[in-house]
Protein chains: 2
Amino acid sequence: MNDQAQSMTLAEAFGGATFRVNGNGPRNLDVLKEALEPIDGKTFSDHYGNGELIEQFQQQMAEVLGKPAAVFFPSGTMAQQIALRIWCDRSGIKRVAYHPLSHLELHEQDALKELHHIESILIGDKDRVTTLEDVTSMTEDISCLLLELPQREIGGQLPPYEELEAIADHCRQRGIRLHLDGARLFEITPYYGKTAAEICSLFDSVYISFYKGIGGVAGAILAGDTDVMQEAKVWKHRHGGNLISLYPYILSSKYYYEQRVGKMGEYYEQAKELAALLNRCSHIHTVPEVPVSNMFHVHMERPIEFVREVLKELAQQHDIGLSSYVVDQGDSCTFECTIGDKYALVPQQQLHEALRWLGEELANRV
Amino acid sequence: MNDQAQSMTLAEAFGGATFRVNGNGPRNLDVLKEALEPIDGKTFSDHYGNGELIEQFQQQMAEVLGKPAAVFFPSGTMAQQIALRIWCDRSGIKRVAYHPLSHLELHEQDALKELHHIESILIGDKDRVTTLEDVTSMTEDISCLLLELPQREIGGQLPPYEELEAIADHCRQRGIRLHLDGARLFEITPYYGKTAAEICSLFDSVYISFYKGIGGVAGAILAGDTDVMQEAKVWKHRHGGNLISLYPYILSSKYYYEQRVGKMGEYYEQAKELAALLNRCSHIHTVPEVPVSNMFHVHMERPIEFVREVLKELAQQHDIGLSSYVVDQGDSCTFECTIGDKYALVPQQQLHEALRWLGEELANRV
């Protein structure tokens, strides 16, 4: 290896590999350009939440999710806080519950508390999905329970569908609203063998994202009853999300939704295939062992500096990018793997050989 | 006139006219496509507020505004609430002051109160700009005074620059932070004969918009001291505005900024010219009589149904769109006129004849 190759970062080596097991390709301008290309330039912008362009897509998504109404949002962070705020205001209880590794707990700068003065109860164990018992054993009054399906921070795990139904029943009986963090909702439909609308029927409000498995530019939908969505529009305005034009996100969301929603079954099968290959490698295991969506986490029982070097060599010498980053966990390290369009392009024999090499390096290199 | 022409709305008639005195053209997809066209599709997206694409533009705008730092926001509604929240948190006084027709008072669904629990003091008279005396005679303690320049809802009026300086002095002496609602900041630089940075030097924090005179798709910049902008980024995250990709707005903002910021003097001269022509018409006057930016309000002393018909005929028979809408004021009606790229394309003789016809119709038609 020459000096240049050695000084390359893992992200650069990943970006330089011909094949990648992960994702839908780089997040560059072509993602938007491709989505806009087929659309007539004379098409009018949406206008502060109104106009055919936004209303048509909201209607389409309401139907997909089996809800009376839907509102397009620039972000899920905004959409979910607003759903929880509405449920808190209606019940008069400014308290909600969710998993300890929820997006709201980890990635939103305490917004629910700082902006909405809503208290969060973290239920269950951080290393597993929320159970019916977690919910029934809660002693505090809450207005709303948020469930994230799949639970992203533990590799995209899912409770059995019957347990979901039991949680929904319990909440209905207790007057607790159930909200779905469905950032990756379409990704779990193959495992459950249910449509998005069937899954959503268990929930009072639902958020979905367009830049996870769908691979759009950004944007989210919140869906639920018409009166709730009317209120959500007022809060969207207050948050500063009622932009004069959201069409760059709406049009790309619609384009990639239509392009990829039918591929979720394929991604799911490929995720299981790749996880099985990885679990055969020494010093590697995936969480969950058998994926239940297009994602899983990869744990490598070696120090981060070592793993980074080996993954760089994998990208450079075997021409296959496994991950652009690794996260330090002390003696081991992890990364998230999300199957998208790119996996199908990887030659199988090359992948098998590369992973055999990887397992040997992890086992034998000093 | 045939039946079809009669049933047309004013907006349709305006849209169908070859020439328009108002704006930069329709807000359609071509606005974005034109801005993206020259940029390499391989350019990487910004990533949750980081990356060269967003950082470079923030740096450029910080320099233009003469501030140490700047943050790009999806909307001004978000940016301004956050600036005011930061000033309130720092002073411990949850009270701010602004003009009775401020954007925050009229167009934000009480967000400052509902989201941030900040009280607003409305100072001065709604029909004129804020004066030094309005500020010095305030009895309540406030953390921040917001000034909107120009004051949009009264036709884009401005205080004398010396009065601005006196207000800034007073605020500095009293420990009151001064925030600029500069949605139309570049539009006032020709009248004041000052650069944007010179005007901003009077203020502690500054917001500018990219879809007013600049004519972009959407987006805003908040600028100020580095520590304040660091805090603003945390709040942007909480509001749900820290999108994974803001590049559709950033790139179009940059494109149209560079295309139009140098034209503000021309727009201003044209606004004065058009206002003078309109003020010569019977039953029409503009506010202000002599514009101080590229905008003014047009008041027509006739009932709205009558005016709507006459403006439709103006668009259809004289091929000049004056406005796409009118707002009912009882015996009279009004609309806002904002000069952009389209005005220069209107043939002067045709405009003079059309306005002469308009004045006669307003005076004589029963």
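See the structure shown above.
If you're wondering where the values come from, they're calculated on a predicted model, not measured in any experiment.

## Section: the packing of helix α10 (residues 185–192) of chain B against helix α14 (residues 264–279) of chain B
Residue and element names in this part refer to chain B.
- It is the contact of α10 with α14, at a shortest axis distance of 8 Å, that shows an interaxial angle of 70 degrees. Our classification of the angle between α10 and α14 gives roughly perpendicular. Together, Phe186, Glu187, Pro190 and Tyr191 of α10 and Met264, Gly265 and Tyr268 of α14 make up the contact between the two elements.
- Residue classes in the contact of α10 with α14 are distributed as five nonpolar, one polar and one charged.

## Some points on the packing of helix α14 (residues 264–279) of chain A against helix α16 (residues 348–364) of chain A
All names here are of chain A.
- Running from amino to carboxyl end, α14 crosses α16 at an angle of 30 degrees, the nearest separation of the two axes being 10 Å. Here α14 is positioned roughly parallel relative to α16, judged by the angle of their axes. Relative to α16, the crossing made by α14 is right-handed. Across the interface between the two elements, Glu273, Leu274, Leu277 and Leu278 from α14 touch Gln348, Leu351, His352 and Leu355 from α16.
- Residue composition of the contact of α14 with α16, by class: five nonpolar, two polar and one charged.

## Re the packing of aromatic side chains
- The final tally for this structure, using the stated rule, is 17 aromatic pairs over all chains.
- Through a chain of ring-to-ring contacts, the aromatic side chains of Tyr161(A), Tyr191(A), Tyr192(A) and Tyr268(A) assemble into a single cluster.
- Over the face of the ring belonging to Phe14(B) we find Arg20(B), whose NZ or CZ atom lies 5.5 Å from the ring centre.
- One cation-aromatic arrangement involves Arg238(B) over Trp235(B); the distance from NZ or CZ to the ring centre is 4.4 Å.

## Considering the relation of the copies chain A and chain B
- The transformation that overlays chain A on chain B combines an axial shift of 0.0 Å with a rotation of 180 degrees, and the residual RMSD is 0.0 Å. Here the transformation between the copies is reduced to the relation of a two-fold axis.
- Interface residue correspondence from chain A to chain B reaches 100%, placing this contact among same-surface, isologous pairings.

## A look at the nonpolar core
- With 190 residues, the main nonpolar core has Leu145(A), Leu358(A), Leu145(B) and Leu358(B) as its most contacted residues.
- Here Leu358(A) is in contact with Ile284(A), Met300(A), Val310(A), Leu311(A), Leu314(A) and Leu322(A), once residues within four sequence places are set aside.
- Counting residues in hydrophobic clusters, the runner-up holds 54 residues, among them Trp87(A), Cys88(A), Leu112(A) and Cys88(B).

## Examining the side chain of Ser323(A)
All names here are of chain A.
- Mapping Ser323 onto the fold places it in the loop between β11 (320–321) and β12 (327–329).
- On the basis of relative accessibility, which here comes to 2%, the residue Ser323 falls in the buried class.
- A polar contact of 2.7 Å, which involves the side chain of Ser323, links it to the backbone oxygen of Tyr325.
- Ser323 has contacts with Leu10, Phe14, Asn22 and Phe335, leaving out every residue within four places of it along the chain.

Calculation rules
- Residues numbered from 1 in each chain as written.
- Chains lettered and ligands numbered in written order.
- Predicted model: local features only at pLDDT ≥ 70, side-chain atom pairs only at ≥ 80, totals over all residues.
- Heavy atoms only, no water.
- Axes fitted to C-alpha atoms, helices over the stretch in contact; angles between N-to-C directions.
- Helix = DSSP H or I, 4+ residues; strand = E, 2+ residues; numbered from the N terminus.
- Parallel < 35°, antiparallel > 145°, perpendicular 65-115°, else oblique.
- Contact = heavy atoms within 4.5 Å.
- Nonpolar A, V, L, I, M, F, W, Y, C, P; charged D, E, K, R; others polar.
- Left-handed = near helix turned anticlockwise from the far one by under 90°.
- Phe/Tyr/Trp six-rings, centres within 6.5 Å; stacked < 30°, edge-to-face > 60°.
- Lys NZ or Arg CZ within 6 Å of the ring centre and 35° of its normal.
- Least-squares fit on C-alpha atoms with pLDDT ≥ 70 in both.
- Core = buried A, V, L, I, M, F, W, Y, C linked by side-chain atoms within 4.5 Å.
- Buried < 20%, exposed > 50% of the residue type's maximum accessible area, 1.4 Å probe, protein only.
- Polar contact = N/O pair within 3.5 Å; in protein donor to acceptor, adjacent residues only side chain to side chain.

These figures capture arrangement, not role.
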